[in-house]
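Spelled out, the chains give:
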Amino acid sequence: MGEIIDGRQVAAEVIESVKAATSVLEATASVTPGLAVIIVGDDPASHAYVGAKSRMAKECGFKSVQHTLPAETTQAELANLVETLNGDQSIHGILVQLPLPKHLNCDPIIQSILPEKDVDGLHVVNAGKVATGDLDGGLVSCTPAGAMVFVRRVHGDDLSGLNAVVIGRSNLFGKPMSALLLAANATVTTAHSRTRDLPAVCRNADILVAAVGRAEMVKADWIKPGATVIDVGINRVPAPEKGEGKSRLVGDVAFEDARQVAGVITPVPGGVGPMTIAMLMANTVKAAYRKAGVPPPKF
Ligand code: GUN
């Protein structure tokens, strides 16, 4: 029976070190980290995520600013807001919550954020640094950074000799996750919807990372006995047992069965999810340290 990683506990530890780093920066450089979060439109799930990010920023002792823009905001209005925040000396991190409403083109907006303020790690400069193995010079995308905290806790910093399989090749997660595992010396396979015999590929993994967005797709017999399984999926499925119209969250891994085979496994909810917000806070304090000319701590 696999050990379950408590993501809420690990995230709380990261948050404690962010708070400590914030106090040190204030005491030594009189700088308060500032995070600006932009949300456009009325999507309830996005509002819930953004609210959690803004609250956590306050809890960490940051200046926390939330810009809530109407769904009909124009491309130029959004671009102007990013420009203003780029020039605001009290703001060290800018996050534009995705997805944006359909009439807005997200890429030019993301690429207009100053790379040193891109706490989501989505700017090509930051993505490029991760791709070239420069993990200390830029800002690493929060969800893969959080997943790597789990991997390091189980296997240490050096993954030499271990096979890692990442299912998913998105810019937001799969590509940076594969790059981080590779930088830690794992032998990495990036699998995706066109991969032939995905179960066989997965059975080769000492570290299996699932980010496909399909509820409970990864079955127990896809998992090598004793493997580390990191589940990045968040899927809402009907839960009639909880009452009519009710739903529950599940990951991309069939958790109860997979747990019998895995060595270590992350649950959904309470696994990778809480780590994403914690790493966003870590990136913001890191950006503030760099702006102040002080070497940032590692998280
Ligand atoms: N929407 C879902 N996840 C994310 C994320 O990590 N960053 C941003 N900006 N939007 C998201």
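Remember, predicted model here, so these are calculated numbers, not experimental data.

Concerning unusual backbone geometry
Note on backbone geometry: most residues besides glycine have negative phi, and most peptide bonds are trans.
So, step 1. In this model, Leu98 is joined to Pro99 through a cis peptide bond whose omega is 0°.
So, step 2. Within the secondary structure, Pro99 is located in the loop between β4 (93–96) and α4 (106–112).
So, step 3. The amide bond that connects Val268 to the next residue, Pro269, takes the cis arrangement and shows omega of -5°.
So, step 4. Considering the arrangement of structural elements, one finds Pro269 in the loop between β11 (264–265) and α10 (272–291).
So, step 5. Positive phi, close to 55°, is recorded for Ser30, a residue that is not glycine.
So, step 6. Inspection of the secondary structure assignment puts Ser30 in the loop between α1 (7–29) and β2 (34–40).

Remarks on the sheet that holds strand β7 (residues 207–210)
So, step 1. One open sheet accounts for six strands, arranged β1-β11-β8-β7-β5-β6; its pairing is parallel. Here the strands that pair on one side only, and so sit at the sheet edges, are β1 (3–4) and β6 (187–191).
So, step 2. As paired elements, β1 and β11 share two bridges and run parallel to each other. Bridge pairing links Ile4 to Ile265 in β11.
So, step 3. Helix-sheet contacts for helix α7 (residues 174–183) involve β5 (163–167), β6 and β7, and the interaxial angle to β5 is about 170°.

Description of the nonpolar core
So, step 1. Of all hydrophobic cores here, the largest spans 54 residues; its most connected members are Leu181, Val209 and Met281.
So, step 2. Of all the secondary structure elements, the ones that give two or more residues to this core are α1, β2, α2 (44–59), α6 (142–155), β5, α7, β7 and α10.
So, step 3. With near-sequence residues (within four places) excluded, Val209 lies in contact with Val165, Val166, Ile167, Phe173, Met177, Leu181, Ile230 and Val232.
So, step 4. Grouped together as the second largest cluster of nonpolar side chains are 19 residues, Cys202, Ala227, Val253 and Ala262 included.

Structural notes on the site of the ligand
So, step 1. Around the ligand, the neighbouring residues are Leu95, Val96, Gln97, Leu98 and Asp120.
So, step 2. Within the backbone of Val96, one N or O atom sits 2.8 Å away from a nitrogen atom of the ligand.
So, step 3. Against a free-state accessible area of 280 Å², the protein chains account for coverage of 78% of the ligand.
So, step 4. Grouping the constituent residues of the shell around the ligand by class yields three nonpolar, one polar and one charged.

What about the sheet that holds strand β3 (residues 63–69)?
Picture the strands of a sheet paired through backbone hydrogen bonds; they go either parallel or antiparallel.
So, step 1. The strand order β3-β2-β4 describes an open sheet built from three strands, whose pairing is parallel. A strand with exactly one partner marks an edge of an open sheet, and here the two such strands are β3 and β4. Taking the axes of each pair of neighbouring strands and ignoring which way they run, one obtains an average angle of 15° across the sheet.
So, step 2. Pairing analysis gives four bridges linking β2 to β4, with the strands arranged parallel. What sits directly across from Ile38, in β4, is Val96.
So, step 3. Strands β2, β3 and β4 of the sheet are contacted by α2, whose axis makes an angle of about 160° with β3.

What counts as what
- Residues numbered from 1 in each chain as written.
- Predicted model: local features only at pLDDT ≥ 70, side-chain atom pairs only at ≥ 80, totals over all residues.
- Heavy atoms only, no water.
- Helix = DSSP H or I, 4+ residues; strand = E, 2+ residues; numbered from the N terminus.
- Pairing = 2+ DSSP bridges.
- Contact = heavy atoms within 4.5 Å.
- Axes fitted to C-alpha atoms, helices over the stretch in contact; angles between N-to-C directions.
- Core = buried A, V, L, I, M, F, W, Y, C linked by side-chain atoms within 4.5 Å.
- Buried < 20%, exposed > 50% of the residue type's maximum accessible area, 1.4 Å probe, protein only.
- Near = heavy atom within 4 Å.
- Polar contact = N/O pair within 3.5 Å; in protein donor to acceptor, adjacent residues only side chain to side chain.
- Areas by Shrake-Rupley, 256 points an atom, 1.4 Å probe, with all protein chains shown as cover.
- Nonpolar A, V, L, I, M, F, W, Y, C, P; charged D, E, K, R; others polar.

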